[in-house]
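# A closer look at the structure
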Amino acid sequence: MGVLDILQAKKTGLPEHYRQLSELEMVSRIQAIKEQLGAQLYLPGHHYQKDEIIQFADDTGDSLKLAQLSAENEKAEYIVFCGVHFMAETADILSSDNQIVVLPDMRAGCSMADMADIHQTEKAWEMLQGTFGDTIIPLTYVNSTASIKSFVGKNGGATVTSSNAKAMVEWALTKKERILFLPDQHLGRNTAYDLGVPLEQMAVWDPISNILECDGPIEEVRVILWKGHCSVHEKFTMENIKQVRKEMPDVTVLVHPECTFDVVQASDINGSTKKIIDTIENAPAGSSWAIGTEMNLVNRLIQTHPDKNIVSLNPNMCPCLTMNRIDLPHLLWALDSIVEGEVINQIKVDKETADLAKIALERMLNKSI
Ligand code: 13P
Ligand code: SF4
């Protein structure tokens, strides 16, 4: 390893020489390794991944579909997960012990998942139990660490994704009087409101100050929202909606439920990445759409539906920087390491955490088709 290699490795782990390769060379080497490994290798890609990665994906999907596919795939020895850290952890939890999950770039995290750590969660749980007694069931968005999923599994709760949040919140409200919903306050609020829970019956738990923010009577709180958010989806604003409706009077505004409550209320349709894709696929030619979700997906929809008039709801486009860390050099590096028998960036959740997290995930998967 040269000096440059060492300096680069300190930042990303990626040996410098991968950055010197042409796109053509990386593409042909990745193709060759995929052919060589065949069914030994499985490469799932989240819809927010760049096109340069999606072209190699064996399957593309939203977080629910990729979790289901990881659970089903028993053949592949290596799962090279093109998404973010919590998704690779989920794949490791759901796959069998002899399967190896790799994340091409360890810096591909999720800022929302980082907004709830296990110590904050245990503290919050203790304080909330002190206030409400044994009346709370925890639900966590899959965009959370394996430790949080494990905590939720241990305490009778389940995971949710944006595709099944409604069904899961409905289920949870039949189990206990109130829900603690982690870590995305917006998905929790939008979903509970859709199910008829008024805003006055929702409170927000601030994990920094350990304070429950609540406008209505505390004993009537049914949904406790963790004060976390997605910095990508929070960039879509009411001003964007006003502007696009002015510029495109026939537009339909379609947003992801990680957007704020006001934006979701002012939109025409909201739903998971799968729902966004299906809606556009089924839309008539000539229809106009403003989409509020991650940039790579919006761009792909624009390119694959030239017969429809599609724009990003925020004209500056909103990329998920961590999703975008997975690129050709990192993918090639990960695949080379497999071929060379020295696997890099393996994601391995310890057994105790994984067993409990699996309970939370399976409660969800058993309810999702
Ligand atoms: P879905 O894939 O569940 O729509 O979630 C979007 C997301 O933010 C992934 O991080
Ligand atoms: Fe996390 Fe938001 Fe990026 Fe999804 S889009 S991975 S929630 S930061």
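The preceding data block contains the structure.
Because the structure is a prediction, the values reported are computed rather than measured. (Residues numbered from 1 in each chain as written. Chains lettered and ligands numbered in written order. Predicted model: local features only at pLDDT ≥ 70, side-chain atom pairs only at ≥ 80, totals over all residues. Heavy atoms only, no water.)

### Examining the site of ligand 2
The local shell around ligand 2 consists of Tyr48, Val84, Cys110, Ser111, Met112, Asn143, Cys230, Val232, Glu258 and Cys320. Looking at the shell around ligand 2, its residues break down into seven nonpolar, two polar and one charged. (Near = heavy atom within 4 Å. Nonpolar A, V, L, I, M, F, W, Y, C, P; charged D, E, K, R; others polar.)

### Comments concerning the environment of Thr279
Among the secondary structure elements, Thr279 is positioned in helix H12 (residues 273-281). Considered as a pair, Thr279 and Cys230 are 49 residues apart in the sequence and their alpha carbons are 22 Å apart. Non-local contacts of Thr279, meaning those with residues more than four positions away in its chain, are made with Leu254, Ile269 and Trp289. (Helix = DSSP H or I, 4+ residues; strand = E, 2+ residues; numbered from the N terminus. Contact = heavy atoms within 4.5 Å.)

### Things to note about the packing of aromatic side chains
Per the counting criterion, the structure on display carries two aromatic pairs. Between the aromatic rings of Trp125 and Phe151, the centroid separation amounts to 5.5 Å while the plane-to-plane angle is 90°, which identifies the pairing as edge-to-face. With Trp125 in helix H6 (residues 118-132) and Phe151 in helix H7 (residues 146-154), this pair connects stretches of sequence that are 26 residues apart. Here Trp125 falls in the buried class, since its relative accessible area comes to 11%. Accessibility expressed as a relative area gives 5% for Phe151, which makes it buried. Where Tyr193 meets Phe261, the ring centres are 4.9 Å apart and the plane angle is 85°; that geometry is what we call edge-to-face. Of this pair, Tyr193 sits in helix H9 (residues 185-194) while Phe261 sits in helix H11 (residues 261-266), placing them 68 residues apart in sequence. Look at Phe261 and you get buried, because its relative accessible area is 14%. (Phe/Tyr/Trp six-rings, centres within 6.5 Å; stacked < 30°, edge-to-face > 60°. Buried < 20%, exposed > 50% of the residue type's maximum accessible area, 1.4 Å probe, protein only.)

### Here's the deal with the sheet that holds strand E15 (residues 309-312)
Within a beta sheet, neighbouring strands are joined by backbone hydrogen bonds and run either parallel or antiparallel to one another. Strand order in this open sheet of four strands is E13-E12-E14-E15, and the pairing throughout is parallel. The sheet is open, and its two borders are formed by strand E13 (269-270) and E15, each paired with just one other strand. As paired elements, strand E12 (residues 251-255) and strand E14 (residues 288-292) share five bridges and run parallel to each other. Residue pairing in the sheet places Thr252 in a bridge with Trp289 of E14. (Pairing = 2+ DSSP bridges.)

### Observations concerning the site of ligand 1
Inspection of the region around ligand 1 gives 13 residues, with His46, Ser63, Ser162, His256 and Glu258 positioned closest. For ligand 1, an oxygen atom lies 2.8 Å from a polar atom in the side chain of His46. Between ligand 1 and Glu258, the relevant distance is 2.8 Å, taken from an oxygen atom to a side-chain nitrogen or oxygen of the residue. Burial of ligand 1 by the protein amounts to 96% of the accessible area it has alone, namely 300 Å². Classifying every residue of the shell around ligand 1 by side-chain character gives four nonpolar, seven polar and two charged. (Polar contact = N/O pair within 3.5 Å; in protein donor to acceptor, adjacent residues only side chain to side chain. Areas by Shrake-Rupley, 256 points an atom, 1.4 Å probe, with all protein chains shown as cover.)

### Quick notes on unusual backbone geometry
Keep in mind that most residues, glycine aside, have a negative phi and that most peptide bonds are trans. Backbone geometry at Asn210 places phi at a positive 55°, although glycine is not the residue there. Along the chain, Asn210 turns up in the loop between strand E9 (202-206) and strand E10 (211-214). Backbone geometry at Asn345 places phi at a positive 55°, although glycine is not the residue there. Examined against the element boundaries, Asn345 turns out to sit in the loop between helix H14 (328-339) and helix H15 (351-365).

### Description of the pairing of strand E8 (residues 178-182)
Of all five residues that make up E8, five are buried, and the element is covered over most of its length. Neither face of E8 is open: one carries Arg178, Leu180 and Leu182, the other Ile179 and Phe181, and all of them are buried. Looking at chain direction, strand E6 (residues 136-141) and E8 are connected through five bridges and run parallel. Directly across from Pro138, in E8, lies its bridge partner Leu180. Sheet topology places E8 next to strand E11 (residues 223-226); three bridges connect them, and they run parallel. Residue Ile179 lies in a different strand from E11, and its bridge partner there is Val223.

### So, the sheet that holds E6
Read across the open sheet, the six strands follow the order E7-E6-E8-E11-E9-E10; overall the sheet is mixed. Where the open sheet ends on each side, the last strands, each with one partner, are strand E7 (158-160) and E10. Looking at each pair of strands side by side, their axes are set apart by 30° on average, direction ignored. Sheet topology note: the E9/E11 ladder contains four bridges and is parallel. Of the residues in E11, the one forming a bridge with Ala203 is Ile224. Lying on the sheet, H7 is in contact with E6, E7 and E8; it crosses E6 at an angle near 150°. (Axes fitted to C-alpha atoms, helices over the stretch in contact; angles between N-to-C directions.)

Spatial relationships are all this shows, so hold off on functional conclusions.
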